[in-house]
Amino acid sequence: MHVAKIAILLIATTLSAHADPLITYPLRIKKHEIRAEVANTEQGRLKGLMFRDKLAKNSGMIFSYPRAQPAAMWMKNTRIALSVAFIDANGRILNIAEMEPFSEQAHASAGAAAYALEMNGRWFSQRGIKVGDLVEGLKGLPPAQ
């Protein structure tokens, strides 16, 4: 019996060591597919992508807010260049900002943002994504807290 418990523990530990612990959600802008981690809590929004060394291609983080309001981002303790798109409650991009690693400069939304999507630096401009474009898949995200 004791050997069986150890075997189960070893299998569970091995599986969890190789599994991606982060849940991602599919989003789409124009024809571009995105896998986004969700920051929908105060703690998650505060941490964001801090301390990361890289962000996979077409991956990002979507910040969801309890209500649409003016929002701002900064890059304290963030090691990689990022682009942020502020998004209204209807899924339309309000504005896009380029953010440099470790900068404490605030980048503000151009209106009431219900979401902010961070991607690798220049991701939006390299794909011709601009203000007014629609982000699809936001309704499938867990609710903001």
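### Points about the confidence of the model for the protein
Looking at the protein, pLDDT values average 88 and 85% of them are 70 or higher. Contacts from residues 1–21, a stretch scored under 50 in pLDDT, to residues over four places away or in other chains number 0 contacts.

### A closer look at the nonpolar core
Nonpolar side chains in soluble globular proteins tend to be buried together. Formed by 18 residues in total, the largest nonpolar core has its most connected members in Leu27, Ile29, Ile62 and Leu117. Secondary structure elements with two or more residues in this core: β1 (24–29), β2 (32–39), β5 (82–87), β8 (113–120) and α3 (123–126). A total of 4 residues in this core trace back to one element, the largest contributor, which is β8. Among the nonpolar cores identified, the runner-up in size contains 17 residues, and Leu55, Phe63, Ala71 and Ala97 belong to it.

### Details of the layout of surface pockets
Of the pockets and cavities examined, the largest pocket occupies roughly 280 Å³. Mapped by element, the contributors of at least two residues to the lining of the largest pocket are α2 (42–47), β3 (59–69) and β4 (72–73). Of all the elements, α2 adds the most residues to the lining of the largest pocket, at 4 residues. Residues belonging to the lining of the largest pocket are distributed by class as follows: 11 nonpolar, 2 polar and 5 charged.

### Focus on the pairing of β2
Sheet topology note: the β1/β2 ladder contains 6 bridges and is antiparallel. Opposite Leu27, over in β2, you have Ile34 as the bridge partner. Adjacent in sequence and paired antiparallel, β1 and β2 are bridged by 2 residues, among which Lys30 carries a positive phi angle near 55°. Where β2 lies against β3, 5 bridges are found, and the strand directions are parallel. In the strand pairing of β3, Val38 is matched with Ile62.

Here is what the cut-offs are and how they apply
- Residues numbered from 1 in each chain as written.
- Predicted model: local features only at pLDDT ≥ 70, side-chain atom pairs only at ≥ 80, totals over all residues.
- Heavy atoms only, no water.
- pLDDT = per-residue confidence, 0-100.
- Contact = heavy atoms within 4.5 Å.
- Core = buried A, V, L, I, M, F, W, Y, C linked by side-chain atoms within 4.5 Å.
- Buried < 20%, exposed > 50% of the residue type's maximum accessible area, 1.4 Å probe, protein only.
- Helix = DSSP H or I, 4+ residues; strand = E, 2+ residues; numbered from the N terminus.
- 1 Å grid on protein atoms, 1.4 Å probe; cavity = no way out; pocket = protein on both sides within 12 Å on 5 of 7 lines; lining within 4 Å.
- Points joined across faces, edges and corners; volume = space filled by probe spheres on them.
- Nonpolar A, V, L, I, M, F, W, Y, C, P; charged D, E, K, R; others polar.
- Pairing = 2+ DSSP bridges.

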